[in-house]
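Spelled out, the chains give:
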Amino acid sequence: MNANKNIGCNVSECKYHAGNENYCSLQHINIVHHNHPAKCKEETDCGSFEPRNR
Ligand code: SF4
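Keep in mind it's a predicted model, so treat the numbers as computed, not measured.

1. A word on the overall build of the protein
- Helix and strand counts for the protein stand at 0 helices and 4 strands.
- Across the protein, helices and strands are ordered from the amino to the carboxyl terminus as β-β-β-β.
- In the protein, buried positions account for 17% of the 54 residues.
- A separation threshold of at least 6 residues defines the contact pool for the protein, and within that pool the share at least 24 residues apart is 21%.
- Only carbon and sulfur atoms are counted for the fraction: they give 46% of the accessible area of the protein, which is about 4300 Å².
- Within the protein, one finds 6 positive and 6 negative side-chain charges whose respective centroids are separated by 4 Å.

Written as structure tokens, this is what we have:
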């Protein structure tokens, strides 16, 4: 996977994680909130996350 150095990410459980480097491999991600309105960063998430196939 090619690391997109514009999107840092340490979620190595995600199938789009770049592997050895802490970056995302996608060209674009969607960030979402799961509490409306979000009041802290813990209330936001990467909406593009997909679990890695094991
Ligand atoms: S899709 Fe989201 S969670 Fe997955 S590697 Fe990219 S930024 Fe990280």
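Still more to cover.
2. Observations regarding the layout of surface pockets
- Taken as a whole, the largest pocket encloses approximately 210 Å³ of empty space.
- Residues of the lining of the largest pocket, tallied by class, amount to 11 nonpolar, 3 polar and 1 charged.

3. Describing the UniProt feature "domain: DUF1540" (unreviewed entry) in the protein
- Per the UniProt record, the feature "domain: DUF1540" (unreviewed entry) sits at residues 7-49.
- Secondary structure content for residues 7-49 is 0% helix and 23% strand, and the end C-alpha separation is 13 Å.

What counts as what
Residues numbered from 1 in each chain as written. Predicted model: local features only at pLDDT ≥ 70, side-chain atom pairs only at ≥ 80, totals over all residues. Heavy atoms only, no water. Helix = DSSP H or I, 4+ residues; strand = E, 2+ residues; numbered from the N terminus. Buried < 20%, exposed > 50% of the residue type's maximum accessible area, 1.4 Å probe, protein only. Contact = heavy atoms within 4.5 Å. Areas by Shrake-Rupley, 256 points an atom, 1.4 Å probe, with all protein chains shown as cover. Lys, Arg positive; Asp, Glu negative; His and termini not counted. Charge placed at Lys NZ, Arg CZ, Asp CG, Glu CD. 1 Å grid on protein atoms, 1.4 Å probe; cavity = no way out; pocket = protein on both sides within 12 Å on 5 of 7 lines; lining within 4 Å. Points joined across faces, edges and corners; volume = space filled by probe spheres on them. Nonpolar A, V, L, I, M, F, W, Y, C, P; charged D, E, K, R; others polar. UniProt positions renumbered as here; feature names shortened; annotations may be inferred.

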